[in-house]
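Descriptive structure summary
Single-letter residue listing:
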Amino acid sequence: MQKKLGYEGYSELRFSLKRISEKIIEREERECKTDENNDPFEEISHEVNRTLMIQDREKIREVVNKILKSKIVYVVSRVSSIHAGEYLTSRLRICKIKTIFISDVNLLDTIIEHMTSEEVIIFLSQSGGRRK
């Protein structure tokens, strides 16, 4: 997927996201220092808007369309990202998208081996680490 987003590999994508994240954190720290009476709701709204502004809308549409056209979406997450995986799974199911949640990475080889081009697998990782 990182190639579709215009990156040579996973490491380049990760490095770019880390750099963007660091810039956002620096900006937020400056803003928090200048205004000690921030409204938490306004802060969250502002943060969501900033996050949306740095996204490539066309690439998001591509990913969403791929998910919508899939016969099955596998959501893989574990440990610190397990709740996000369960939440994403429930939201996709509400949208009537057949979704299978996987928290046991030992099942991945079998699932990947039997996947078709009409299926999607989404990996969630809070740490950004990769499976060996």
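Preceding block: the structure.
Residues numbered from 1 in each chain as written. Predicted model: local features only at pLDDT ≥ 70, side-chain atom pairs only at ≥ 80, totals over all residues. Heavy atoms only, no water.

Observations regarding the pattern of salt bridges
Where charged atoms from two side chains of opposite charge approach closely, those side chains can pair. This model, assessed by the stated rule, comprises 2 salt bridges. Across the pair E58 and R61 runs a salt bridge whose closest N-O atoms are separated by 3.5 Å. Pair noted here: E58 and R61 are both in helix 3 (residues 57-69), with a separation of 3 residues, about one helical turn. Look at E58 and you get partly exposed, because its relative accessible area is 45%. Among the ionic pairs, K71 bridges to E118, the shortest N-O distance being 3.4 Å. Taken together, the residues span a long stretch of sequence, with K71 in the loop between helix 3 and strand 1 (72-76) and E118 in the loop between helix 5 (108-114) and strand 3 (119-123) at a distance of 47 residues. Look at E118 and you get partly exposed, because its relative accessible area is 41%. (Salt bridge = Lys/Arg side-chain N within 4 Å of Asp/Glu carboxyl O. Helix = DSSP H or I, 4+ residues; strand = E, 2+ residues; numbered from the N terminus. Buried < 20%, exposed > 50% of the residue type's maximum accessible area, 1.4 Å probe, protein only.)

Remarks on the sheet that holds strand 2 (residues 99-102)
Within the open sheet, the 3 strands sit side by side as 2-1-3. Their pairing is parallel. Each of the sheet's edge strands pairs with one partner strand only, and the pair in question is strand 2 and strand 3. Neighbour-to-neighbour, the strand axes of this sheet turn through a mean angle of 20 degrees, independent of strand direction. (Pairing = 2+ DSSP bridges. Axes fitted to C-alpha atoms, helices over the stretch in contact; angles between N-to-C directions.)

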